[in-house]
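Tertiary structure, described
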Amino acid sequence: MAPKALDYEFMNENVKKVQYAVRGELYLRASELQKEGKKIIFTNVGNPHALGQRPLTFPRQVVALCQAPFLLDDPNVGIVFPADAIARAKHYLSLTSGGLGAYSDSRGIPGVRKEVAEFIERRDGYPSDPELIFLTDGASKGVMQILNCVIRGEGDGVLVPVPQYPLYSATISLLGGSLVPYYLEETANWGLDINDLQQSVAQARSNGITVRAMVIINPGNPTGQCLSEANVREILRFCYQENLVLLGDEVYQQNIYQDERPFVSSKKVLMDMGLPFSKEVQLVSFHTVSKGYWGECGQRGGYFEMTNIPPKTVDEIYKIASIALSPNVPAQIFMGLMVNPLKPGDISYEQFVRESKGILESLRRRARMMTDGFNSCRNVVCNFTEGAMYSFPQIRLPPKAIEAAKRAGKVPDVFYCLRLLEATGISTVPGSGFGQKEGVFHLRTTILPAEEDMPAIMESFKKFNDEFMEQYEDYRGYSRM
């Protein structure tokens, strides 16, 4: 029989090259164990509601009314729903062309894009044009759209931080481009050194790669660091000098757990720098409803804003967005509610503040509990999670454990994480899925398990880890880092 187009041997080779560790071997094994009846704690992905975070009340009330607009005609609607939720639902329904079941403009509902622009103006103190804002099915879809416009072939490279969120490596592979790594320095709290950036670009160019874009993830995923304003300024100056478009992944901007380095957007820093930078550096910034105290991952709502992108290029991006007709309309309503929140004096304001503040304060406590828990373990070193939703501890594996992993045909940190999963039910992601320096091993876990469960989880981890180290450690000159 003749081979068929979708036989494995004849598939698009770029599809086979894609690696996405967040839903990789560890996740698949965890799912198998769950089917067998084992209790699994899925800390492999930043999915707050799956780990018990309660949805914010007001946004759900508004979207419920938008989904079932006939409720607005019920004379008893005011008994069940507060007046501000009713008013906001009517507002968003008036912006649609037929309710939530109708397509919107391919860039998103104009009225919601206007609300996003107003949010950016309040945040940064500079004008924002709704025509340069596209609503997307989560920030990931926006990242993929922009990378699709940047990458023309394998000769085009994108600077990506290592460790990195594998959305970037996976998408670059899928599109046939080249990932150009720049390494974050763990001993400097995952800081970024401009000299390393310059070396990465020089190395890529010596290999015939045209570096066209740079990615920053701020706050960091998986590393949890927050970039200082001075660091962002250095990055923007570097992009100006090297003629790179900057992709600013800023989806964790609400998730800040320290006061020394508050989130500052790339757009604000760029505008503060003034000419020539503010008119020359091309910047695309991304945000989402999936993170922060919203955690609405399943809704798939996001946006990107373009700065200094030529009108003809914007038209081409609009054309590509039009192929999918419309982003998810209910998610656009969630986005509108996130960027245009309740104000003091609104009926639901105090409840909204109480809920959102409670989530962030708990996350801050959990970040500290997890960092302290990891640092109490044998051969484990962990920087404090300054932002985002993850801890990324270094696991200093003994040589005997590395040898055992090789005999089992596993990457050493995959071997460790599989053993952890089997022993405790804790599902993590090995650091090799994000990239790391040769001979150094990590794992990534979210800080999202319920606060009341965190002590038991960390105790379970410590018990496993210390027994693992006891089994494999060679006491002849081998010591904790």
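So, here is what we can say about the structure in this document.

Calculation rules
- Residues numbered from 1 in each chain as written.
- Predicted model: local features only at pLDDT ≥ 70, side-chain atom pairs only at ≥ 80, totals over all residues.
- Heavy atoms only, no water.
- Helix = DSSP H or I, 4+ residues; strand = E, 2+ residues; numbered from the N terminus.
- Contact = heavy atoms within 4.5 Å.
- Core = buried A, V, L, I, M, F, W, Y, C linked by side-chain atoms within 4.5 Å.
- Buried < 20%, exposed > 50% of the residue type's maximum accessible area, 1.4 Å probe, protein only.
- Pairing = 2+ DSSP bridges.
- Salt bridge = Lys/Arg side-chain N within 4 Å of Asp/Glu carboxyl O.
- Expected span 1.5 Å × (residues − 1).
- Axes fitted to C-alpha atoms, helices over the stretch in contact; angles between N-to-C directions.

**Some thoughts on the side chain of Ser 348**
Within the secondary structure layout, Ser 348 lies in the loop between helix H14 (329–339) and helix H15 (349–375). Excluding residues within four positions of it along the chain, Ser 348 makes contact with Phe 58, Pro 82, Asp 84 and Leu 342.

**As for the nonpolar core**
Residues Val 62, Tyr 168, Ile 333, Tyr 416, Phe 461 and Phe 468 are the most contacted members of the largest nonpolar core, which totals 109 residues. With eight residues, helix H18 (residues 454–472) is the single largest residue contributor to this core. Not counting residues up to four positions away in its chain, the partners in contact with Tyr 416 are Ile 395, Leu 397, Leu 443, Phe 461, Phe 464, Asn 465, Phe 468 and Met 469.

**Notes on the pairing of strand E7 (residues 283–288)**
Of all six residues in E7, six are buried; the element is thus mostly enclosed. With burial as the criterion, each face of E7 is covered, one bearing Leu 283, Ser 285 and His 287 and the other bearing Val 284, Phe 286 and Thr 288. Of the pairings in the sheet, the one linking strand E6 (residues 245–249) to E7 comprises four bridges and is parallel in character. Among the inter-strand pairings, Leu 247 is bridged to a residue of E7, identified as Val 284.

**Structural notes on the pattern of salt bridges**
Applying the stated rule across the entire model yields 27 salt bridges. With a closest N to O distance of 2.8 Å, Arg 123 and Asp 124 form a salt bridge. Owing to a relative accessible area of 23%, Arg 123 belongs among the partly exposed residues under this scheme. For Asp 466, the salt bridge goes to Lys 462, with nearest N and O atoms at 3.3 Å.

**Here we look at helix H6 (residues 110–124)**
With 15 residues, H6 should reach 21 Å at 1.5 Å per residue; the first-to-last C-alpha distance of 21 Å fits that figure. Inspection of H6 places Val 112, Arg 113, Glu 115, Val 116, Ala 117, Phe 119, Ile 120 and Asp 124 among the buried residues, and these make up the whole buried set. Its buried side turned inward, H6 meets helix H5 (83–95), strand E2 (133–136), helix H11 (266–273), E7, strand E8 (302–307) and H14. At the C-terminal side of H6, Gly 125 shows a positive phi close to 80°.

**Looking at the sheet that holds E7**
Taken in spatial order, the seven strands line up as E2-E8-E7-E6-E5-E3-E4 in an open sheet, and their pairing is mixed. Single-partner strands in this sheet number two, and they are E2 and strand E4 (178–183). Taking each pair of neighbouring strands and ignoring which way they run, the sheet shows an average axis angle of 20°. The pairing of strand E5 (residues 210–217) with E6 spans five bridges and is classified as parallel. Bridged to Ile 216 within E6 is Gly 248. Against the sheet, helix H7 (residues 138–150) makes contact with E2, strand E3 (156–162), E5, E6, E7 and E8, and its axis sits at roughly 160° relative to E7, the strand it touches most. With respect to the sheet, H14 is in contact with E2, E7 and E8, its orientation differing from that of E7 by roughly 100°.

**Remarks on unusual backbone geometry**
In this structure, Pro 219 follows Asn 218 across a cis peptide bond, with omega equal to -5°. Looking at the element boundaries, Pro 219 is found in the loop between E5 and helix H10 (229–242). The residue after Leu 275, namely Pro 276, is reached through a cis peptide bond having omega 0°. Looking at the element boundaries, Pro 276 is found in the loop between H11 and helix H12 (277–280). The phi torsion at Asn 379 lies on the positive side, around 65°, for a residue other than glycine.

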